[in-house]
Amino acid sequence: MSVPRVAIVGAGPSGLFAASSLLAGHPGVLIDVLDRLPTPFGLLRYGVAPDHTSIKSVQARLAGPFASERVRFFGLVELGRTVTRDELVAGYDAVVYAAGASEDRRLGVPGEDLPGSRAARDFVAWYSGHPDAEPQPLAGVRTAVAFGVGNVAVDVARILLLDAAALAATDMPESVLAELSGHRIADVWVVGRRGPEHATFTTTELRELLTLDGVQPVLHDPLPDDPPDADRRVRGNLAALRDAAARVVPGARARLHLAFWRRPSELRGSGAVESVVLERTASDGAGGVVGTGEREEVVAQMVLRAIGYRGKPLPGVPFDERDGVVPNTGGRVVDVDGSPRVGEYVVGWIKRGPIGVIGTNKSDAAATVSLLLEDLASGILPAPTGPDAGELLAAQGLAASSFADWEAIDAAERARGAGRGRERTKVETWHALTDVIRFGRTGGPLEREPEA
Ligand code: NAP
């Protein structure tokens, strides 16, 4: 019997946890990990906040599979452009989609598209040095409002409020560091449409935000008692908010406003955001909210929509428009009518929606991989009939980026950082990334990586 081949589309945490599970679960399987970007690690590199260095250290574990000669990385390969779903299905015993959730939810209020109103994703991409990111100028901004009370809102608020020394200790690109160190934002609002007991942020992240040096927390609502059914996280969040309400920061350089039971009804401004109109809300008794009609206006020059992400359809792959995921049963892809797509699997946010921390993807990927291995063992997966990714690209004269190329980028970033007394400074443009690949590569683009 031939050695089974698996393609994983997406080199973020879920894809690399899947690679790791596959390697551990099968003695011979060959794995090709494909990504649109030249670098692996997905949201770990471009989503986890740069000051959260302990989470970033997961990178070494995620890189683990590439030490095996059974695993190859193909960067600069995009599903639907460089390779198609049909080609992958023909070229591999199994295909695992690990594409994450790359769209944003919309507020759906007037003024949402005014300059100054931004998706938190764009802001995160910018400070993370993503090569697709647009500059996020902060000149003229005195007050910023983040909508949503999840961990992304906490991240963007914290990054705006960190002092220059904390920012300099990160791996942000120099241009980002200059913008964030030089801005004059003195008020950051975090606004939730429901109560603090319903917020989705986690207690450690919330406490970190509420206790930033030189930042005065301002709570705009009375805090509720612990609900009888509150879990540990909710009780922890409420305790953190009570502590913050009692905190006095003498000579504070900025204020963090937390406002609940408010939703945006309009962003106002002539040519750019100048204020935000909030409507007070009340519980509808069924977990949602109703507007009370009572409104207040907050003068603000920047709005960050941190109201959740959404999966994007993958060309040729079924898509559930309502939930923004690839329809699946436990990780086996099914068509929209529920019929199985034998040999296709899904992991991570594109499987279950944009919830959970990096580590959640480990058990999630392992669950899908155990079904894949079960299908492989039972013989129901048709053997490949076409070329694999390396052969497909070679036939078209296309060069992917390899794991060795990533190592060259990694070395370049460390060298850039060292020159400035930092551990790393990210290479943030396509041009600079491809330059490192062209001039800094140590092996051919389509070679299997050697065992470490
Ligand atoms: P999230 O936790 O789902 O939070 C989304 C927030 O947006 C909720 O407060 C939600 O309120 C609100 N919202 C949704 N639609 C809205 C609307 N139309 N108007 C006003 N508010 C609206 O999502 P996230 O913050 O994007 O985070 C995604 C996942 O990544 C989460 O699991 C998070 O924990 C994780 N993450 C973790 C870290 C970390 O560990 N440090 C950092 C970043 C992200 P409702 O509850 O009322 O819908």
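Please refer to the structure higher up on the page.
Right, let's walk through the structure included here. Here the structure is a predicted model, which is why all the values come from computation and not from measurement.

### Some remarks on unusual backbone geometry
A positive phi is found at Leu76, a non-glycine position, where the angle reads about 65°. You can see Leu76 is positioned in the loop between β3 (71-74) and α5 (85-91). We note that Trp261 has phi near 55°; this positive angle belongs to a residue other than glycine. Within the secondary structure, Trp261 is located in the loop between β10 (254-259) and β11 (262-268).

### Topic: the pattern of salt bridges
For the coordinates displayed, the defined rule picks out 39 salt bridges. Among the salt bridges present, the one from Asp51 reaches Arg158, with a minimum N-O distance of 2.7 Å. In this pair, Asp51 sits in the loop between α2 (42-46) and α3 (53-56) while Arg158 sits in helix α7 (residues 151-161), placing the two residues 107 residues apart along the sequence. Here Asp51 and Arg158 have matching classes, each one buried. A salt bridge links Arg322 to Asp323, with the nearest nitrogen and oxygen atoms 3.0 Å apart.

### Description of the side chain of His26
Within the fold, His26 resides in the loop between α1 (13-25) and β2 (30-34). Polar contacts involving the side chain of His26 include one to the main-chain amide nitrogen of Val29, which spans 3.0 Å. Among all residues touching His26, those that are not within four sequence positions of it are Pro4, Arg70, Leu373 and Leu376.

### Here we look at the site of the ligand
The environment of the ligand is formed by 21 residues, the closest being Asn151, Arg193, Arg194, Thr200 and Gly356. Within the contact set of the ligand, an oxygen atom lies 3.1 Å away from a backbone nitrogen or oxygen of Val152. The side chain of Thr200 places a nitrogen or oxygen atom 2.7 Å from an oxygen atom of the ligand. When the free accessible area of the ligand is taken as 920 Å², the share hidden by the protein chains comes to 84%. Ranked by residues supplied to the shell around the ligand, first place goes to α7 with 3 residues. Residues that form the shell around the ligand fall into these classes: 9 nonpolar, 7 polar and 5 charged.

### As for the pairing of strand β18 (residues 340-346)
Of all 7 residues that make up β18, 5 are buried, and the element is covered over most of its length. Taken together, the 3 bridges between strand β4 (residues 94-97) and β18 define a ladder with parallel strand orientation. Each bridged residue has a counterpart across the sheet, and for Tyr97 the counterpart in β18 is Val346. Relative to β18, strand β17 (residues 332-334) runs antiparallel, the two being bridged by 2 bridges. Within β18, the position partnered with Arg332 by the bridge is Tyr345. A loop of 5 residues connects β17 with β18, the two strands running antiparallel in sequence, and Gly338 in this loop sits at a positive phi of about 95°.

Conventions adopted
- Residue numbers here run from 1 along each chain, matching the order of that chain's written sequence.
- Restriction of local features to residues with pLDDT of at least 70 applies here, the model being predicted, together with a cutoff of 80 or more for giving and counting side-chain atom pairs; totals for whole chains, interfaces and linings are based on all residues.
- Side-chain numbers here rest on the full set of heavy atoms in the structure, without hydrogens or water.
- Helix numbering and strand numbering both begin at the N terminus, where a helix is a DSSP run of H or I of at least 4 residues and a strand a DSSP run of E of at least 2.
- Salt bridges are counted wherever a side-chain nitrogen of Lys or Arg sits within 4 Å of a carboxyl oxygen of Asp or Glu.
- Between buried and exposed lies partly exposed: a residue is buried under 20% and exposed over 50% of the maximum accessible area for its type, with that area taken using a 1.4 Å probe on protein chains only.
- Under the rule applied, a polar contact is a pair of N or O atoms within 3.5 Å (in protein, one hydrogen donor and one hydrogen acceptor; residues adjacent in sequence only if both atoms are side-chain atoms).
- Whether two residues are in contact is decided by their heavy atoms: any pair within 4.5 Å suffices.
- It suffices for a single heavy atom of a residue to lie within 4 Å of a molecule or strand for the residue to be listed as near it.
- In short, Shrake-Rupley with a 1.4 Å probe defines the accessible areas, and a residue's cover is counted only from the protein chains shown.
- When residues are grouped by polarity, Ala, Val, Leu, Ile, Met, Phe, Trp, Tyr, Cys and Pro land in nonpolar, Asp, Glu, Lys and Arg in charged, and all others, Gly among them, in polar.
- In short, DSSP must find at least two bridges between two strands for them to pair.

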